[in-house]
Amino acid sequence: MDFTRYSVDQFFDEMFAGGDEPRAHYRRLFEALKNLSEEEYQAKQKAVDHAFLRQGITFTVYHDQEGTERIFPFDLIPRIIPAREWAYLEEGLIQRVTALNLFLEDLYHDQKILKDGIIPRHVVDSAEHFRPEMKGVKVPQGIYVHICGSDLIRGADGGWYVLEDNARCPSGVSYMLENRQAIKRAFPRFFPRAGVAPVANYGDELLKVLRHIAPNNNPDPTVVILTPGPYNSAYFEHCFLARQMGIEIVEGRDLIVQDDRVYMRTTRGLQRVHVIYRRLNDDFLDPCVFRRDSMLGVPGIMRAYQAGNVALANAVGTGACDDKVMYYYVPRMIKYYLDQDPILPNVETYLAGEAKDRQYILDNLDKLVVKSANEAGGYGMLMGPKATKEEIEEFRLKIIDNPRNFVAQPMISLSRVPTWSKEHGVAGRHVDLRPFILYGDKPRIVPGGLTRVALRPGSMVVNSSQGGGSKDTWVLREDDAPAEEGSAAPSQSI
Amino acid sequence: MLSRVADCLYWIGRYIERVENTARLLEVNLQLMLDFDSNDEGAETNWQAVLQTTLCVKSFYEEHQTANNQTVTDFLTFNRQNHTSIISSIHAARENARMIRDQITEEMWEAINELYHFVRESNAEAVWHDDVYTFFRRIKGYVYRMQGLTHSTYVRKEGYKFMQIGQFLERADQTTRILDLKTYLPLPETQSVGGVADGAGWVAVLKSSSALDAYLHVYPADVQGSQVAEFLILSPDFPRSLRFCLRQIDQHLRALSGTGEGFFSNPVEKAVGRLRAEVAYTTREEIDEEGLHHFVDRVQRTLNEINNEIFETYFALPAFDLEKEIARFLPETRPMQSQSQTQGTQSQKQG
């Protein structure tokens, strides 16, 4: 492949420190790719795309009649993270998920953090996904966020930042696993020598977490996945995980609550269910408590949950941490609950709800990224530096109208990884990283994550719904061979 | 096993079998039509018989003026509005498989998915241009692969049994319908029963059931109407005969509930056992006496009833009234203003 015209521009490039010299942990891959003809590369890419289609590794696109399923575009050039850097990320993420769990437990019980004035009470009271129904409810093993997908980015300085936490129903882990399968098939000779840590045990780890929270420490619980159904964009993932774990996938209509216990309807009558990995948001979970019109959920399931007869992962009410205003306070939570400094920093954030910050935001809309507190998928955002005057004015009114609902951050130049496209050959494209943190007997992270890549030139939006794709994420088992040190620029001061 | 999952598996079995039958029916009749002159009026009436067999004469003529090789191929293969078309059946099988992907093997899923993509990327014009027989052979090949992979990768538990019940019920239905094809095949005026054209029609019936070789093995060089009917209905060993299919359905059903041979534990087992016994104790003469068409018609009605009984016994979720359910937990709440919605199980119509 031709890297001669590749330019890192002013961005942090994961593969090149600058010029055409690859970073130490990328050197072997770089040599391998260089020796690959463009035709060979294309043939591999084509084979992978075809395999994805054949296996039905697709996501559902809403409001699109024909071809409602699409392949999540996959780029063959992996994103590589050396061992010591991963160790740092792992430590930071575990610290973060630990604090988030302590926060949720506190939030739904004593609310000490509010009483001590660390987080203003009004922020919680106005949080869209705070669930008063969870006050005083004891959740199994005291764990709220069992599966957390925190999005990490790397700025122009090469430093890592947490962009947001997904503490409700984070998706994408199936692509992490399928991407690995695909890349092994594409590089069957190179991959075994690359020293990549395996990710395939994610399903086992997840099942352990789910069994860990069984009510009354039931040693042989029935565990199921609850899906909104085949029309949900992540349905492929729900099935994928059910298969990996060998458990049933159920829809709301398959479940029924009797005597505050949950049962599924089988060909042999009702069968008790103990643990539910639910991929259905709180709003739709129980029409008796949340949205009255939801046909997706299970009437009475909250009562069974509150009575301790069924465990839900994630717990109800974890959306309070997904709130981008609450995100602002996570470093303070870490300090408050763990008495530690945050290992992974937040992106600098301004709260439109605070008068001083609001003024700053309104004065600098053309320089900032403005986000709605509770929107996901790249919706409800203003990218100030790229927005038109009209868009900026529209957001100004929205912010003034409902300041609690907006936060702003400086535009971060996400790092880039060489990515192949038909039109431009190999060119730098922006990426982020979503590792999946599991919390059972203790927090664990399978070494890897979903690297999402913005395929459009110049775009920083990596969401699949907005033209994003993905890459395999390689966490190296050890840092590169000593012989190769010295000639390489240090990848990052951590 | 979840009732919903069992329902999907049953229908995957049916739809996949239906795809193969329709492909075969078309392939054979396309061959048969080669015996007609292109301007022969017989071609149209013969195609009408095929459309009659697949129960879509009316809907066909809403879209097409004449029934010829290409219009019928298009209607029975690629027309998505036609619920009995090959593409509709494949799509339905795949949707059912997609819903329960976690419950079938990866091999089975990929076989269905590949079939889906193969048909989706084809169209009648190109198929006719290239090689229509190869096209149908490939479709059948995908189906055999799917059925073979089911046989060799799927655990022999409930799910397998539901699929087999679906497959054999569909096959019983198709075999009897193909037999009925002859009822609609007109005889040219100069011909008579037992004449050359009559013989060709019965050969087509046998071929349409993949039964010609098996039949000739029993009755060498002697293709006769009532013998063909006897073979396709009463043969104990031929895997597409009505009798064979009923035995499979009966055995799988009783295996589900653990009921012994000759006994029944629910209405569906009773209905299947009764029909199985009736067919086993029927003779060619009795069918001739009743009239083939009448006999087939009666069997088909019973097969439909069996289908409905299976649904009631195993798949039907109780009618679900959201407001009533909510009231069960919150008796103090008043119903919402909007009318209560009821959600029955989605009914998956049979073609």
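For clarity, every value in this text was computed on a predicted model and none was experimentally measured. (Residues numbered from 1 in each chain as written. Chains lettered and ligands numbered in written order. Predicted model: local features only at pLDDT ≥ 70, side-chain atom pairs only at ≥ 80, totals over all residues. Heavy atoms only, no water.)

A. Molecular detail of the overall build of chain B. Scanning chain B from terminus to terminus reveals 17 helices and two strands. Sequence separation of at least 24 residues holds for 65% of the intrachain contacts in chain B that already meet a minimum separation of 6. Just so you have it, chain B exposes about 15,800 Å², and 49% of that area is on carbon and sulfur atoms. (Helix = DSSP H or I, 4+ residues; strand = E, 2+ residues; numbered from the N terminus. Contact = heavy atoms within 4.5 Å. Areas by Shrake-Rupley, 256 points an atom, 1.4 Å probe, with all protein chains shown as cover.)

B. Spatial organisation of the interface of chain A and chain B. Every contact between the two is made by 39 residues of chain A and, on the other side, 41 residues of chain B. For the pair chain A and chain B, the summed buried area comes to about 3,800 Å², and 50% of that belongs to carbon and sulfur atoms. In terms of surface lost to chain B, no three residues of chain A exceed Arg 253, Thr 267 and Arg 292 of chain A, which account for 20% of the buried area on that side. The closest approach of N and O atoms between Arg 4 of chain B and Glu 251 of chain A, which form a salt bridge, is 3.3 Å. At the surface where chain A touches chain B, the tally comes to 22 residue pairs in polar contact (both at pLDDT 80 or more). Elements that contribute at least two residues to the side of chain A that touches chain B include exactly helix H2 (38–55), helix H8 (235–245), strand S9 (248–251), strand S10 (255–258) and strand S11 (261–266) of chain A. (Buried area = accessible area lost by both parts, 1.4 Å probe. Salt bridge = Lys/Arg side-chain N within 4 Å of Asp/Glu carboxyl O. Polar contact = N/O pair within 3.5 Å; in protein donor to acceptor, adjacent residues only side chain to side chain.)

C. Spotlight on the nonpolar core. Of all hydrophobic cores here, the largest spans 256 residues; its most connected members are Leu 33, Tyr 202 and Ile 276 of chain A together with Leu 9 of chain B. Sort the elements by how many residues they give to this core and helix H1 (residues 3–33) of chain B lands first, with 15 residues. Here Ile 276 of chain A is in contact with Val 224, Leu 226, Leu 255, Val 262, Ile 301, Val 310, Ala 311, Leu 312 and Ala 313 of chain A, once residues within four sequence places are set aside. If you look at the next biggest cluster of nonpolar residues, it comprises 14 residues, including Tyr 350, Leu 362, Ala 387 and Phe 406 of chain A. (Core = buried A, V, L, I, M, F, W, Y, C linked by side-chain atoms within 4.5 Å. Buried < 20%, exposed > 50% of the residue type's maximum accessible area, 1.4 Å probe, protein only.)

D. Examining the sheet that holds strand S16 (residues 368–372) of chain A more closely. Residue and element names in this part refer to chain A. What the four strands build is an open sheet, ordered S15-S18-S16-S17; its pairing is antiparallel. Only two strands of the sheet have a single partner each, and these edge strands are strand S15 (350–351) and strand S17 (381–383). Helix-sheet contacts for helix H15 (residues 389–401) involve S16, S17 and strand S18 (406–410), and the interaxial angle to S17 is about 135°. (Pairing = 2+ DSSP bridges. Axes fitted to C-alpha atoms, helices over the stretch in contact; angles between N-to-C directions.)

E. View of H8 of chain A. Residue and element names in this part refer to chain A. Of all 11 residues in H8, nine are buried; the element is thus mostly enclosed. For H8, the set of buried residues is Tyr 235, Phe 236, Glu 237, His 238, Cys 239, Phe 240, Leu 241, Ala 242 and Met 245. Looking one or two residues past H8, Gly 246 carries a phi angle of roughly 65°, positive in sign.

F. Region of the structure containing the sheet that holds S10 of chain A. All names here are of chain A. The sheet built from three strands is open, its strands ordered S10-S11-S12 with antiparallel pairing. Looking at the sheet topology across the chains shown, the edges are occupied by S10 and strand S12 (269–272). Geometrically, the sheet is characterised by an average inter-axis angle of 40° between neighbouring strands, direction not taken into account. Strand direction decides the pairing type here: S11 and S12, joined by four bridges, are antiparallel. For Thr 266, the partnering residue across the bridge sits in S12 and is Gly 269.

G. Just the pairing of S10 of chain A, in detail. Residues and elements named next belong to chain A. The sheet contact formed by S10 and S11 spans four bridges and is antiparallel. Residue pairing across strands places Val 257 opposite Val 262, the latter belonging to S11. Where S10 hands over to S11, the hairpin turn is made up of two residues, of which Asp 259 adopts a positive phi near 50°.

H. Local environment of the packing of H2 of chain A against helix H6 (residues 173–186) of chain A. Residues and elements named next belong to chain A. It is at 10 Å that the axes of H2 and H6 come closest, and there the two elements cross at 135°. Comparing their axes, H6 and H2 come out oblique. Helix-helix and strand crossings are classified by hand; for H2 and H6 the assignment is right-handed. Here H2 contributes Lys 44, Val 48, Ala 51, Phe 52 and Gln 55 to the contact with H6, which in turn contributes Glu 178, Asn 179, Ala 182, Arg 185 and Ala 186. (Parallel < 35°, antiparallel > 145°, perpendicular 65-115°, else oblique. Left-handed = near helix turned anticlockwise from the far one by under 90°.)

I. Geometry of a positive patch on the surface. Residues and elements named next belong to chain A. On the surface, a cluster of positive charge is made up of Lys 112, Lys 115, Arg 121 and Lys 135. Structurally, Arg 121 is set in helix H5 (residues 121–125). Given a relative accessible area of 38%, Arg 121 falls into the partly exposed group. (Patch = residues over 30% accessible without salt bridge, like charges linked within 9 Å, V, L, I, M, F, W, Y side chains within 5 Å. Lys, Arg positive; Asp, Glu negative; His and termini not counted. Charge placed at Lys NZ, Arg CZ, Asp CG, Glu CD.)

J. Examining the environment of Glu 69 of chain A more closely. Residues and elements named next belong to chain A. Within the secondary structure, Glu 69 is located in strand S4 (residues 69–71). Glu 69 gets classed as buried once you look at its relative accessible area, which sits at 18%. In this structure the C-alpha to C-alpha distance between Glu 69 and Arg 96, which are 27 residues apart in sequence, comes to 35 Å.

K. Quick look at unusual backbone geometry. Residue and element names in this part refer to chain A. Here the residue pair Ala 313 and Asn 314 is connected by a cis peptide bond, since its omega of -10° sits within 30 degrees of zero. Mapping Asn 314 onto the fold places it in the loop between strand S14 (311–313) and helix H11 (319–322). Here the phi dihedral of Asp 9 falls at roughly 50°; this positive angle occurs in a residue that is not glycine. With respect to the secondary-structure elements, Asp 9 resides in the segment before strand S1 (16–18).

L. Quick peek at the packing of helix H3 (residues 83–107) of chain A against helix H13 (residues 330–338) of chain A. Residue and element names in this part refer to chain A. At a minimum axis distance of 9 Å, the contact between H3 and H13 shows a crossing angle of 80°. Classified by the interaxial angle, the pair formed by H3 and H13 is roughly perpendicular. Contacts between H3 and H13 involve Gln 95, Arg 96, Thr 98, Ala 99, Leu 100, Leu 102, Phe 103 and Asp 106 from the first element and Val 330, Met 333, Ile 334, Tyr 336, Tyr 337 and Leu 338 from the second. Of the residues belonging to the contact of H3 with H13, the class tally is 10 nonpolar, two polar and two charged. (Nonpolar A, V, L, I, M, F, W, Y, C, P; charged D, E, K, R; others polar.)

M. Inspection of helix H4 (residues 69–78) of chain B at higher detail. Residues and elements named next belong to chain B. By the criterion of burial, H4 is predominantly enclosed, with seven of the 10 residues buried. The set of residues buried in H4 consists of Thr 71, Val 72, Thr 73, Phe 75, Leu 76, Thr 77 and Phe 78. The opening residue of H4, the one whose side-chain oxygen lies 3.0 Å from the backbone nitrogen of Gln 70, is Asn 68.

N. Inspection of the environment of Leu 33 of chain A at higher detail. Residue and element names in this part refer to chain A. Among the secondary structure elements, Leu 33 is positioned in helix H1 (residues 27–34). Considered as a pair, Leu 33 and Phe 3 are 30 residues apart in the sequence and their alpha carbons are 9.1 Å apart. With near-sequence residues (within four places) excluded, Leu 33 lies in contact with Met 1, Phe 3, Met 15, Tyr 41, Ile 77 and Phe 187.

O. Local environment of the pattern of salt bridges. Counting across every chain of the model gives 57 salt bridges over all chains. Salt-bridge contacts for Arg 168 of chain A lead to Asp 322 of chain A; the nearest nitrogen and oxygen are separated by 2.9 Å. On the criterion of sequence distance, the pair formed by Arg 168 of chain A in the loop between strand S7 (160–166) and H6 and Asp 322 of chain A in helix H11 is long-range, its members being 154 residues apart. The same class applies to Arg 168 of chain A as to Asp 322 of chain A, namely buried. Notably, a salt bridge pairs Arg 452 of chain A with Asp 432 of chain A, separated by 2.9 Å at the nearest N-O pair. A residue pair is termed long-range when its members are at least 10 positions apart, and Arg 452 of chain A in strand S23 (residues 450–454) and Asp 432 of chain A in strand S20 (residues 425–434) qualify at 20 residues. In terms of burial, Arg 452 of chain A and Asp 432 of chain A fall into one category: buried. Sharing partners across several salt bridges, the network here consists of Glu 17, Glu 20, Arg 24, Arg 171 and Arg 240 of chain B.

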